[in-house]
Amino acid sequence: MHLLKMSDLKKADIDGLIERAVYIKGRLKRGILYSPLKTRTLGLIFEKPSTRTRVSFECAMMQLGGSTVFVSSADSQLGRGEPIKDTARVMSGYVDGVVIRTFGHERVEEFARYSSVPVINGLTDLHHPCQVLADIMTVVERKGSYGGIKVAWIGDGNNVANSWIEAAGILGFELVLACPVGYEPQKDVLRGAGKSVKLGRTVEEAAKDADVLNTDVWASMGQEGEREKRLKAFRGYQINAKVLRLAKKDAVVMHCLPAHRDEEITDDVIEGPNSAVWQEAENRLHVQKAVLERLLGDK
Ligand code: CP
Ligand code: NVA
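Everything numeric here is computed off the predicted structure, so don't read it as measured data.

Visitor: Can you break down the site of ligand 1 residue by residue, with the values?
Guide: As a structural note, the neighbourhood of ligand 1 is formed by Ser50, Thr51, Arg52, Thr53, Arg101, His128, Gln131, Cys256, Leu257 and Arg284. The side chain of arginine 101 places a nitrogen or oxygen atom 2.8 Å from an oxygen atom of ligand 1. Between ligand 1 and cysteine 256, the relevant distance is 2.9 Å, taken from a nitrogen atom to a main-chain nitrogen or oxygen of the residue. Protein contacts shield 96% of the accessible area of ligand 1, which totals 260 Å² for the unbound molecule. A breakdown of the residues in the shell around ligand 1 according to their chemical character gives two nonpolar, five polar and three charged.

Visitor: Pulling in residues and values, what's your account of unusual backbone geometry?
Guide: A cis amide bond links leucine 257 to the next residue, proline 258, at an omega of 5 degrees. Mapped onto the fold, proline 258 is located in the loop between strand E9 (252-255) and helix H11 (267-270). One non-glycine residue, leucine 123, lies in positive phi territory at about 120 degrees. As for its placement among the helices and strands, leucine 123 is situated in the loop between strand E4 (119-121) and helix H5 (129-143). Residue leucine 123 is classed as buried on the basis of its relative accessible area, which comes to 6%.

Visitor: Would you mind going over the pairing of strand E6 (residues 174-178) in detail, with residue names and values included?
Guide: For a regular strand, side-chain orientation follows a simple rule: the groups alternate between the two sheet faces. With four of five residues buried, E6 lies mostly within the body of the structure. In this sheet, E6 lies alongside strand E5 (residues 150-154) in parallel orientation, the contact comprising five bridges. Bridging across to E6, alanine 152 finds its partner in valine 176. Crossover E5 to E6 through helix H6 (residues 159-171) is right-handed. As paired strands, E6 and strand E7 (residues 197-200) are joined by four bridges and run parallel to one another. Bridging across to E7, leucine 175 finds its partner in valine 197. For the segment spanning E6, helix H7 (residues 187-193) and E7, crossover handedness is right-handed.

Visitor: Which residues make up the sheet that holds E6, and what are the values?
Guide: Ordered in space as E7-E6-E5-E8-E9, the five strands form an open sheet in which the pairing is parallel. Pairing within the sheet leaves two strands with one partner each, and these edge strands are E7 and E9. Here the average twist between neighbouring strands, direction ignored, is 20 degrees. Bridge count for E5 against strand E8 (residues 212-215) is three bridges, and the pairing is parallel. Residue pairing for E8: alanine 152 is matched across the bridge by leucine 213. Its contacts with the sheet place H5 against E8 and E9, and it is angled at close to 165 degrees to E9. Lying on the sheet, H6 is in contact with E5, E6, E7, E8 and E9; it crosses E6 at an angle near 155 degrees.

Visitor: Help me get a handle on empty space enclosed by the protein, residues and values and all.
Guide: Tallying each qualifying case throughout the model produces one cavity of 30 Å³ or more. Reported here for the largest cavity is a volume of approximately 40 Å³. Among the elements that make up the lining of the largest cavity, the one with the highest residue count is helix H12 (residues 277-296) (three residues). Classifying every residue of the lining of the largest cavity by side-chain character gives six nonpolar, no polar and one charged.

The rules we used
- Residues numbered from 1 in each chain as written.
- Chains lettered and ligands numbered in written order.
- Predicted model: local features only at pLDDT ≥ 70, side-chain atom pairs only at ≥ 80, totals over all residues.
- Heavy atoms only, no water.
- Near = heavy atom within 4 Å.
- Polar contact = N/O pair within 3.5 Å; in protein donor to acceptor, adjacent residues only side chain to side chain.
- Areas by Shrake-Rupley, 256 points an atom, 1.4 Å probe, with all protein chains shown as cover.
- Nonpolar A, V, L, I, M, F, W, Y, C, P; charged D, E, K, R; others polar.
- Helix = DSSP H or I, 4+ residues; strand = E, 2+ residues; numbered from the N terminus.
- Buried < 20%, exposed > 50% of the residue type's maximum accessible area, 1.4 Å probe, protein only.
- Pairing = 2+ DSSP bridges.
- Right-handed = clockwise from strand over helix to strand, strands pointing away.
- Axes fitted to C-alpha atoms, helices over the stretch in contact; angles between N-to-C directions.
- Contact = heavy atoms within 4.5 Å.
- 1 Å grid on protein atoms, 1.4 Å probe; cavity = no way out; pocket = protein on both sides within 12 Å on 5 of 7 lines; lining within 4 Å.
- Points joined across faces, edges and corners; volume = space filled by probe spheres on them.

So, in C-alpha cells, the structure goes:
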C-alpha cells in the first residue's frame, strides 16, 4: 500500500490512524518505549527543503526502533538526472519504505509504480496528505470530533488545500474555501469531493461561524518567481483579528508552517490563544508513526 494522497484512504482508515496516533502520543508522553520497527529502514528522498516533514519522519523512525537514510536531489544522482523509475527500483532494494518530497505529483506516482516497498508522499505540488492527517488529528483533539464542524480555507488553493478538500469529501465535514480568482484548487479534486466542499469568493463567507480557520503561504515552494504577482493577488486573503472575530469564539486557527507573518496570517493571531499551529506541527510525529506502523510494520 502507498499513501500518495488523502483519497488513497477510506474514512475507516483515517479514523483508525488518528485513533492510533492519539494512543501512541499518550504512551510517548508517559515515557513508554515502543519499538515495533527495529529491523526497518525508511528512505527519505527530498527534492525540496523541509524542516517538519524530514525531522518528524526521522524522529518517528528512531523512536519506533528503526532507522532512516536521507537523500536530497542535490547530493544524489537524482540531481544529475537519473530517472525516477530507476531510483525507485534501486532504493526499494535497500529500504523498507520511502518518503518522497518533490514537485510534480506524477513523479511520486511513477516512483510508486516502480517501487517494491510502500511509498509515502511527503509533499508534492498537488497534495500533502501527511500534513492533513496531522491537521485532522489536531481538530479531533481540540474539538472532540470533526463531525458537524465548519472549516474555512483562506488563501491559495494549493497542495495543502487539495488534501483538505479530499479529507472533507471522505469524512463529510463542511469546508468553505475563499481563494482569489485564478488561484482556486484543482477542478478535479473539487469535483471529487462532492457537496461538503464549497468554493466561496469572500473571506467573510468562509470565515463566518467557522470552527477552524486554515491558511498557508501565498507562494509555495517552486513558485518563488511569482512572489510579487501573488503578493498583489492575495491582498486581503489574510487571517487576522477581524477575520477571527467572524468565526466561532472558540475557533481553532491552523497553518501547516512555515508561515509568513503579516502576509497570510498576522503575528497576533498565530501567537494568540486560538492558534493550534504548534500542536499541529507536533502531531506530524504521532500520526506519521501510525502511518509507518501500518505500512512498514508486521502484517
Ligand atoms: N508543514 C511542512 O510540511 O513543513 P516542512 O516544509 O518544514 O516539512
Ligand atoms: N504549500 C506549501 C506547504 C509547505 C509545507 C508549499 O508547498 O511550499
